[in-house]
Amino acid sequence: GEFTMSIRKKLFAAFGAIVLLVIFVSIVNIMQVQRVNSNYETIVDEQQSMLLQASEMKNNLSTQGMLVRQFALSGDLSVIDNLNAEREKMEVHIASISTIKHKELSEPIAKIIEEHQFFNEAIDKTVEQAKKLNYEDAKITIINEVRPPNQYLLNNIEILIAYYEQQLVTLSDAAKRDAKMAVVMTIVLVCISLVTAVVVALAMSKFITTPIHKLQGAVLTIASGDLTKEDVSVKTSDETKDLAESF
């Protein structure tokens, strides 16, 4: 038979459609915000890790320079253990940065790896001279062969630090922009939802009130004693149609 839907069901259907639209908009917005947050957290963690590593390399070089000078001046063999421990840490850092593929850092990283080799050779030479009690020669080696690559390494590590600091600033700015975009998107989606809700409400209002107005006119016509008017035609399939047919 003919499909019928009561006015109550129509109202519930319209309300349900609006609720579903609002839920959909909310889910889309939440997913967008979570995606942005997840991406930035991953990138920021990576940049902060690399910045920390570069800072540790800088401190490591300063410590190695201090220890080799201390050994050259005192000949205290206990210093060698601390020096070797720092050199091992530096080797780990060098191995780590050698895997970095950023084009902007390829040149300073290549220079760091190259100068690190010269730095190690100069330290080995200084240690051997100090072990043979050639302290004056060791001091000269520190000045002429240890200090230049040490300073060169520090300069290039500063380039890494500056790069990662700038990256964090750039990421922060981008995160702020995306946060603003998320807010704008939320406002736009909410506005679309509101407009859709208003359109649906107006359509339902017209759909329900138009036949009621026809019936109201028919009632007034009959009340005036005019029974010549044609039957009221209602296209809806609800209580309004049943009421119209009763006329």
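Residues numbered from 1 in each chain as written. Predicted model: local features only at pLDDT ≥ 70, side-chain atom pairs only at ≥ 80, totals over all residues. Heavy atoms only, no water.

Let's shift gears to the overall build of the chain. The secondary structure content of the chain amounts to 5 helices and 0 strands. Listed N to C, the secondary structure of the chain is α-α-α-α-α in terms of helices and strands. Here the analysis covers contacts within the chain between residues at least 6 apart in sequence; of these, 77% occur between residues at least 24 apart. Of the roughly 15800 Å² of accessible surface on the chain, 61% is carried by carbon and sulfur atoms. (Helix = DSSP H or I, 4+ residues; strand = E, 2+ residues; numbered from the N terminus. Contact = heavy atoms within 4.5 Å. Areas by Shrake-Rupley, 256 points an atom, 1.4 Å probe, with all protein chains shown as cover.)

For the rest of this paragraph, the subject is the environment of Leu154. Within the secondary structure, Leu154 is located in helix H4 (residues 135–223). On a C-alpha basis, the gap between Leu154 and Asn59 in space is 9.3 Å, while along the polypeptide they are 95 residues apart. In this structure, Leu154 is in contact with Lys58, Leu61 and Ser62, ignoring residues within four places of it in sequence.

With that out of the way, let us pick up a nonpolar patch on the surface. A contiguous nonpolar surface patch, about 600 Å² in accessible area, is contributed by Phe15, Val19, Leu20, Ile23, Ile27 and Met31. Tracing the chain through its elements places Met31 in helix H1 (residues 7–74). (Patch = residues over 30% accessible without salt bridge, like charges linked within 9 Å, V, L, I, M, F, W, Y side chains within 5 Å. Salt bridge = Lys/Arg side-chain N within 4 Å of Asp/Glu carboxyl O.)

Here the focus is the side chain of Gln129. Its place among the elements puts Gln129 in helix H3 (residues 106–131). Accessibility expressed as a relative area gives 13% for Gln129, which makes it buried. Apart from residues lying up to four places away in sequence, Gln129 is in contact with Asn134, Asp137, Ala138 and Thr141. (Buried < 20%, exposed > 50% of the residue type's maximum accessible area, 1.4 Å probe, protein only.)

Okay, the pattern of salt bridges next. Under the defined criterion, the tally for this structure stands at 6 salt bridges. Lys139 is the partner of Glu136 in a salt bridge, and the nearest nitrogen-oxygen pair spans 3.6 Å. Within this pair, Glu136 and its partner Lys139 are both found in helix H4, separated by 3 residues, close to a single helical turn. According to the relative accessible area criterion, Glu136 is exposed, its value standing at 53%. Assessed through its relative accessible area of 32%, Lys139 is described here as partly exposed.

Counting residues in hydrophobic clusters, the biggest one holds 34 residues, and the most contacted among them are Ile112, Ile157 and Tyr164. Among the secondary structure elements, those contributing two or more residues to this core are H1, helix H2 (78–97), H3 and H4. Sort the elements by how many residues they give to this core and H4 lands first, with 10 residues. (Core = buried A, V, L, I, M, F, W, Y, C linked by side-chain atoms within 4.5 Å.)

This part is about H2. Compared with the 28 Å implied by 1.5 Å per residue over 20 residues, the 30 Å span of H2 between its first and last C-alpha is a close match. All of the buried residues along H2 are Val79, Ile80, Leu83, Glu86, Arg87, Met90, His93, Ile94 and Ile97. Down the axis of H2, the sector holding all buried residues measures 135°, keeping them to one side. Across H2 from its buried face, at more than 90 degrees, point the exposed residues Asp81, Glu88 and Val92. (Expected span 1.5 Å × (residues − 1). Arc of directions from axis to C-beta.)

Turning our attention to the confidence of the model for the chain. For the chain, the average pLDDT comes to 81, and 79% of its residues sit at 70 or higher. When mean pLDDT is compared element by element in the chain, H3 scores highest at 94, while helix H5 (residues 239–245) scores lowest at 55. (pLDDT = per-residue confidence, 0-100.)

With that settled, consider H3. Within an α-helix, residues lying three or four positions from one another point in the same direction, as the helix has 3.6 residues per turn. In this model, H3 (26 residues) spans 38 Å end to end at C-alpha, consistent with the 38 Å of a helix rising 1.5 Å per residue. Remark: Leu133 follows H3 within two positions and exhibits a positive phi of approximately 70°.

A positive phi angle, near 70°, is found at Leu133, a position not held by glycine. Its location among the elements puts Leu133 in the loop between H3 and H4.

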